[in-house]
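The lines below spell out each chain.
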Amino acid sequence: MDFCKEFNARTAHIEPGVPIPTMITVQPDRTFSFVTKTPPTAYFLKKAAGVDKGTGRPGHEVVGTVSLKHIYEIAKIKATDQHLKHLRLEAIASTIIGTARTIGIQVVP
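Residues numbered from 1 in each chain as written. Predicted model: local features only at pLDDT ≥ 70, side-chain atom pairs only at ≥ 80, totals over all residues. Heavy atoms only, no water.

1. A few points about the pairing of strand β1 (residues 22-26)
Side chains on a regular strand alternate between the two faces of the sheet. In this sheet, strand β2 (residues 32-36) lies alongside β1 in antiparallel orientation, the contact comprising 5 bridges. Within the sheet, the bridge partner assigned to T22 lies in β2 and is T36. Counting the residues that bridge the hairpin from β1 to β2 gives 5 residues, and of these R30 lies at a positive phi of roughly 75°. (Pairing = 2+ DSSP bridges. Helix = DSSP H or I, 4+ residues; strand = E, 2+ residues; numbered from the N terminus.)

Structure, rendered in structure tokens:
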């Protein structure tokens, strides 16, 4: 019950329905700690492109488009994750472009 209360308190500023990856560590004495991360890249891309799901045939079908401005905005959000802090913004943006390709979203300048 303590976990639910603390998780709800930490995520109160996030709108309902947004997926929040969370890493939970439980100790043998039943204490816990958890780290919340930013939503997945695919979630941001689909939201920016206005689509519900990606393509079944990546590289053959395009389900939506996003601009480079959207890519850099997503990269700024993802740069706050602990495991991405050491990467440059350009490197994060290039991985986001790769994710966009795999779900059938075209990146336009």
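2. Some details on unusual backbone geometry
Negative phi values dominate among residues other than glycine, just as trans dominates among peptide bonds. Here the phi dihedral of R30 falls at roughly 75°; this positive angle occurs in a residue that is not glycine. The topology assignment puts R30 in the loop between β1 and β2. When its relative accessible area of 74% is taken as the criterion, R30 is described as exposed. (Buried < 20%, exposed > 50% of the residue type's maximum accessible area, 1.4 Å probe, protein only.)

3. Looking at the side chain of S67
Mapped onto the elements, S67 comes out in strand β3 (residues 64-67). A polar contact is formed between the side chain of S67 and the side chain of H70, at a distance of 3.0 Å. (Polar contact = N/O pair within 3.5 Å; in protein donor to acceptor, adjacent residues only side chain to side chain.)

4. Thoughts on the pattern of salt bridges
As enumerated under the stated definition, the model contains 5 salt bridges in all. Across the pair E6 and R10 runs a salt bridge whose closest N-O atoms are separated by 3.1 Å. Here R10 and E6 lie together in helix α1 (residues 2-10), a separation of 4 residues that amounts to about one turn. Measuring nitrogen to oxygen at the nearest pair gives 3.7 Å for the salt bridge that ties D81 to K78. Given the relative accessible area of 8%, K78 is considered buried. (Salt bridge = Lys/Arg side-chain N within 4 Å of Asp/Glu carboxyl O.)

5. Considerations on the environment of Q82
Inspection of the secondary structure puts Q82 in the loop between α3 (68-78) and α4 (89-102). Among the residues examined, Q82 registers a relative accessible area of 63% and is labelled exposed. C-alpha of Q82 to C-alpha of M1: the two residues are 81 residues apart in sequence and 27 Å apart in space.

6. Observations concerning the nonpolar core
In globular proteins that are soluble, nonpolar side chains generally tend to be buried together. Formed by 15 residues in total, the largest nonpolar core has its most connected members in L45, V66, I71, I96 and I105. Every element with two or more residues in this core is listed here: α2 (41-49), α3 and α4. Looking at which element gives the most residues to this core, the answer is α4, with 4 residues. The contacts of L45, once residues within four sequence positions are left out, are V66, I71, I74, I96, T99, A100, I103 and I105. (Core = buried A, V, L, I, M, F, W, Y, C linked by side-chain atoms within 4.5 Å. Contact = heavy atoms within 4.5 Å.)

Remember, this is a structural readout, not a statement about activity or role.
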